[in-house]
Amino acid sequence: MQSDLLRDKVIIITGAFGGIGLAIAKACLNADAQVLLHGRSERNLAAALSYLDGGDRVEPFVGDVTGDNFAPDLVEATVRRFGRISGIVNNAAYVVSSDVHNTTLALFRQVLEVNSLAPFSIIQTALPHLADSKGAVVNIGSVNAYAGEPGLLAYSVSKGALMTLTRNLGDSLHRDFGIRVNQLNVGWVLTEKEQERK
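None of the values given here were measured: they were computed from a predicted structure. (Residues numbered from 1 in each chain as written. Predicted model: local features only at pLDDT ≥ 70, side-chain atom pairs only at ≥ 80, totals over all residues. Heavy atoms only, no water.)

**Q** Explanation requested: the nonpolar core in the structure shown.
**A** A general trend in soluble globular proteins is that nonpolar side chains are found buried together. One finds Leu74, Ile85, Ile88 and Leu130 to be the most contacted residues of the largest nonpolar core, which totals 26 residues. Contributions of two or more residues to this core are made by α3 (70–82), α4 (105–133) and α5 (153–177). The element that contributes the greatest number of residues to this core is α4, accounting for 7 residues. Aside from chain neighbours lying at most four places away, what touches Ile88 is Ile12, Ile122, Ala126, Leu130, Ala136, Val137 and Val138. Within the second largest apolar cluster, 18 residues are counted, among which are Ala16, Ile24, Cys28 and Ala48. (Core = buried A, V, L, I, M, F, W, Y, C linked by side-chain atoms within 4.5 Å. Buried < 20%, exposed > 50% of the residue type's maximum accessible area, 1.4 Å probe, protein only. Helix = DSSP H or I, 4+ residues; strand = E, 2+ residues; numbered from the N terminus. Contact = heavy atoms within 4.5 Å.)

Listed below in structure tokens is the structure:
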């Protein structure tokens, strides 16, 4: 029996033109939610929309999560199309191999921008709408948040930072606004991007 938990809810999903994000979008649509589907480029957009087959319950949005106006534009597009925001799935991520010898500060900053700061910015910008809906945030983390592999230094640190952000906001936003904030620390998943990386 299908739950009505997501029926008519409006969910923003970042990094959703493939992999985990696309699978989450499909599950949300199957549960009768409406989805703002984000991806960094239009490369996989047509295939994603074809796979989802969500009709007018899906609104695509293309943009770089590190852009100065990304979060305001994302939130505005969602509210303009659907009228509200019920939840956010922060799934967009930059997975890059690096270790203590070859991790430059520039690379480290870039990974933190995508994996830690962008989710914060999106939550912060959407806060009034999440407060109105008593909504929820799910951050997609990684088992690497707990220590990580030597060859995934910057990525692991960024996911550890995301986990601390989740715990902090999970306390404060639920207390102050009734907003739930949780994180899924997933293991290795053979997504399209992982196939490219390998």
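Anyway, onward from the coordinates.
**Q** Explain the packing of α4 against α5 to me, please; I cannot follow it from the model alone.
**A** What describes two packed helices is the angle between their axes and the distance between those same axes. Between α4 and α5, the shortest axis-to-axis distance is 8 Å and the interhelical angle comes to 15°. Relative to α5, α4 is oriented roughly parallel. Both α4 and α5 take part in a crossing whose hand is right-handed. For the pair formed by α4 and α5, the contact residues are Phe108, Val111, Leu112, Asn115, Ser116, Pro119, Phe120, Ile123, Leu127 and Ala131 on the first element and Ala154, Tyr155, Val157, Ser158, Lys159, Ala161, Leu162, Leu165, Leu169, Leu173 and Phe177 on the second. (Axes fitted to C-alpha atoms, helices over the stretch in contact; angles between N-to-C directions. Parallel < 35°, antiparallel > 145°, perpendicular 65-115°, else oblique. Left-handed = near helix turned anticlockwise from the far one by under 90°.)

**Q** Sorry if this is basic, but what is going on with the sheet that holds strand β1 (residues 10–13) here?
**A** Across a sheet, strands are paired by hydrogen bonds formed along the backbone, either parallel or antiparallel in direction. If you trace the 6 strands from one edge of the open sheet to the other, you get β3-β2-β1-β4-β5-β6, paired in parallel fashion. For this open sheet the edge positions go to β3 (58–62) and β6 (180–186), each flanked by a neighbour on one side alone. The mean angle between the axes of side-by-side strands here comes to 15°, regardless of whether they run parallel or antiparallel. Of the strands in this sheet, β4 (87–90) and β5 (136–142) touch α4, which is tilted by about 175° from β4. (Pairing = 2+ DSSP bridges.)

**Q** Sorry, what's going on with the environment of Gln183 here?
**A** Considering the arrangement of structural elements, one finds Gln183 in strand β6. Given the relative accessible area of 18%, Gln183 is considered buried. The spacing of Gln183 and Val89 is 94 residues in sequence and 9.4 Å in space, taken between C-alpha atoms. Here the side chain of Gln183 touches Asn185 through a polar contact of 2.8 Å, side chain to side chain. (Polar contact = N/O pair within 3.5 Å; in protein donor to acceptor, adjacent residues only side chain to side chain.)

**Q** How do you make sense of α3 when you look at a structure like this?
**A** Residues that lie three or four places apart on an α-helix share one face, since the helix turns once every 3.6 residues. The first and last C-alpha atoms of α3 sit 18 Å apart over 13 residues, in line with the 18 Å expected at 1.5 Å per residue. In the core, the buried residues of α3 are packed alongside β1, β2 (34–39), β3 and α4. Gly83 lies just past α3 and shows a positive phi near 90°. (Expected span 1.5 Å × (residues − 1).)

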